[in-house]
Amino acid sequence: MCGILGGINIGGFASALPALLDRIAHRGPDAVGTHVEEGLGGTVALGHRRLSIIDLSAAANQPLEKDGHVLVFNGEIYNYRQLTQELKALGVVFRTHSDTEVVLEAWKTWGPNSLARLRGMFAFGIYERHSGRLVLARDPFGIKPLYVMKRGDGLAFSSELKALVPLLGSGARLNDGAVLASLVYSWLPDDYCLYHDVSKLAAGRWLEVRPGGIMAEHVYWDEVRDLAQSDRPDVGVEELRAVLAESVKLHMVSDVPVSTFLSGGIDSSILTVLAKQHAGRLESYTTFFRPEDQALEAMPDDLGYARQVAKLHGITLHEIELQPDVAQLLPQMVDILDEPVGDASAINVYLICRAARDAGVKVLLSGIGADEIFAGYRRQYACTLARRYQCLPAWLRDNVIARLVSALPVTGEKRGYRTIRWAKRFLSFVNLPEEEAFHRSYTHYNRFELVAAMAREMPVEVEELFHRHAVLYAQGPAGDHVNRMCFTDLRLFLRGLNLFLTDRASMAASTEVRVPFVDIEVVKAAFATPGARKIVGQERKASLKKAAEAWLPRSIIYRPKAMFSMPLRSWIRRDLRELVDNTLSEGEIVGRGYLSRQHIRILIERDRAGIADNCREIWKLLTLDMWLRRQKQQAVDAHVTA
């Protein structure tokens, strides 16, 4: 796992490369390398920061130059040993034992067809000296990031936005549509970027830049074609077990020890048990919070379940109590994440990865992705429940249930009422059409609420934002409500939030997080499973839970859902109270007209009165306002009017 940076035909880029590379030094503290040459398409400059995982020798450092090709690569190819044997049979001679060289030789041998052979997570750039062509590629699910800045006939790319921002200079233009997206979702969908002149290479795509500035983007993995419209036979329990076991085994490939996150929930428990079977000896990491924080959040007690799994399977469990100085850590996380992400779980990921790194651990497995593809989220179940709820008499729904729920408080003085929070959320979307209901189930505003909350008009940006979701949702599997939601979550929620924050937070701690559920064969198996087998009655992730019975006791499998929850209510009402009062009502969000001052004040007042649960909304606004302040200061430093 590493950080990559490069450019072709960008004036001044080569001289700025070392300083820009320092901005992503956390992604690879083990080695640094650069390559600069005058090529057919202009000056080519490539940089790399290495986190050594496979082939720890200096021979595997990057940029890797071989036979007129220069590669910078970020990620891991889990089937690289198999590909090595295939390539050797074709006469390829290797000089390292790294997956990096396998990527380069695969491209030389098979060209774009090599991309479908790579089983792993990756983003890379290859410069071909003979043609003057620069090629960029990103893995099928967007696990690894790749930002692209186009300027005239040239292009620059990086693993993180922060390395490209200085290049924007006086041309930096904030994308209002992206800011609105962050308000609606609390994170950015992968097809948005905060600056007009920067984009993200789409997952499953490769981009070529030829001399003369000729650029073309190509598709090698199409989720609509390969998942939503596929006609594979239903996957049985034993087949799913085999696919999961194989994925975990592949994800254990490493020349350094591999550990796991272990929350005590089914996803992390499956991975941990399978990893233990493969490794023989395993260390896992879990977190917990102070009792007073857990009470106000109404958080489940996950620690006991994690201990149960560890004891049952002889796993060494490291328990980390989190007591962060959140007022100090929040600005740091805004800088780490590079984009306004209003999900506090990024703090959890960062702190647990930092603790693991302090103990000498570089690689951890995470259960991310299982909820998206196997229907484990509460909102997915709620949207299926909404159909049944709509069959109730209108007088009962509107005059009894809705009135009762709206009158109930979401928190008391010392504790939160989780069931009431859920009920209020459910009623906010239960009567909407299918796509709108699903969208509203995990966003902060619908179209009309957003327009009402804004202090200036942006009709084009608002319409585009909601239209994109409708189009994406419609591309999901026809006739399968559950899998259509899973398909949307895979492409939107997983990529835009969970994979994004995990990459940034883990790499900020110089650790690599691998995600065996976001594996090509596991995802295919998940979408070959009908939605009716994923949500059965009130049971979510039913097909995965059935498979897990081979490895885990029922007390773990069928326990209440665990998650890396954060004590937001405690933080917002205690630790961050002064920051909320001093920042939001007079901050950048209001000053730039994204939201009105009155709207923000009402949010805060209703939350403190216990009338509404707005803590996530307030946290999101804090992160966005801090990001906008940071962006404004960067503009001032570059002598640009923000």
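Overview of the structure. (Residues numbered from 1 in each chain as written. Predicted model: local features only at pLDDT ≥ 70, side-chain atom pairs only at ≥ 80, totals over all residues. Heavy atoms only, no water.)

### Thoughts on the pattern of salt bridges
Stage number 1. A full pass over the atoms with the stated rule returns 57 salt bridges.
Stage number 2. Close ionic contact of Glu449 with Arg440 constitutes a salt bridge, the shortest N to O distance being 3.1 Å.
Stage number 3. Since its relative accessible area comes to 7%, Arg440 is described here as buried.
Stage number 4. Salt bridges here are not isolated pairs; linked through shared partners, they connect Arg27, Lys144, Glu160, Lys162, Asp335, Asp338, Asp503, Arg504 and Arg630. (Salt bridge = Lys/Arg side-chain N within 4 Å of Asp/Glu carboxyl O. Buried < 20%, exposed > 50% of the residue type's maximum accessible area, 1.4 Å probe, protein only.)

### What to know about the sheet that holds strand 17 (residues 512–514)
Stage number 1. The strand order 15-14-13-16-17 describes an open sheet built from five strands, whose pairing is parallel. Two strands in the sheet have a free side with no partner beyond their single neighbour: strand 15 (316–322) and strand 17. Across this sheet, the average inter-strand angle for adjacent strands is 30 degrees, counted without regard to direction.
Stage number 2. Across three bridges, the pairing between strand 16 (residues 363–365) and strand 17 is parallel. Residue pairing for strand 17: Leu364 is matched across the bridge by Val513.
Stage number 3. In the packing of helix 8 (residues 266–279) onto the sheet, contacts are made with strand 13 (258–261), strand 14 (283–289) and strand 16, and the angle to strand 13 comes to roughly 155 degrees. (Pairing = 2+ DSSP bridges. Helix = DSSP H or I, 4+ residues; strand = E, 2+ residues; numbered from the N terminus. Axes fitted to C-alpha atoms, helices over the stretch in contact; angles between N-to-C directions. Contact = heavy atoms within 4.5 Å.)

### Observations regarding the layout of surface pockets
Stage number 1. As a volume, the second largest pocket reaches approximately 430 Å³.
Stage number 2. As for the second largest pocket, its lining consists of 21 residues, and the residues nearest its centre are Asp191, Leu472, Gln475, Arg491 and Arg495.
Stage number 3. For the lining of the second largest pocket, the elements supplying multiple residues, two or more each, are helix 19 (459–474) and helix 20 (481–508).
Stage number 4. Top contributing element to the lining of the second largest pocket by residue count: helix 19, with five residues. (1 Å grid on protein atoms, 1.4 Å probe; cavity = no way out; pocket = protein on both sides within 12 Å on 5 of 7 lines; lining within 4 Å. Points joined across faces, edges and corners; volume = space filled by probe spheres on them.)

### Regarding the packing of helix 20 against helix 21 (residues 520–527)
Stage number 1. Between helix 20 and helix 21, the least distance of the axes is 11 Å, while the angle of their chain directions is 155 degrees. Looking at the two axes, helix 20 sits roughly antiparallel to helix 21. On helix 21, the residues that touch Asn483, Cys486, Phe487 and Leu490 of helix 20 are Val523, Ala526 and Phe527.
Stage number 2. Here the contact of helix 20 with helix 21 is built from residues that sort into six nonpolar, one polar and no charged. (Parallel < 35°, antiparallel > 145°, perpendicular 65-115°, else oblique. Nonpolar A, V, L, I, M, F, W, Y, C, P; charged D, E, K, R; others polar.)

### A closer look at the environment of Arg281
Stage number 1. Inspection of the secondary structure assignment puts Arg281 in the loop between helix 8 and strand 14.
Stage number 2. Judged by its relative accessible area of 61%, Arg281 is exposed.
Stage number 3. Sequence separation of Arg281 and Arg514 is 233 residues, and the distance between their C-alpha atoms is 18 Å.
Stage number 4. Within the structure, Arg281 has its side chain in polar contact with the side chain of Glu283 (distance 3.1 Å). (Polar contact = N/O pair within 3.5 Å; in protein donor to acceptor, adjacent residues only side chain to side chain.)

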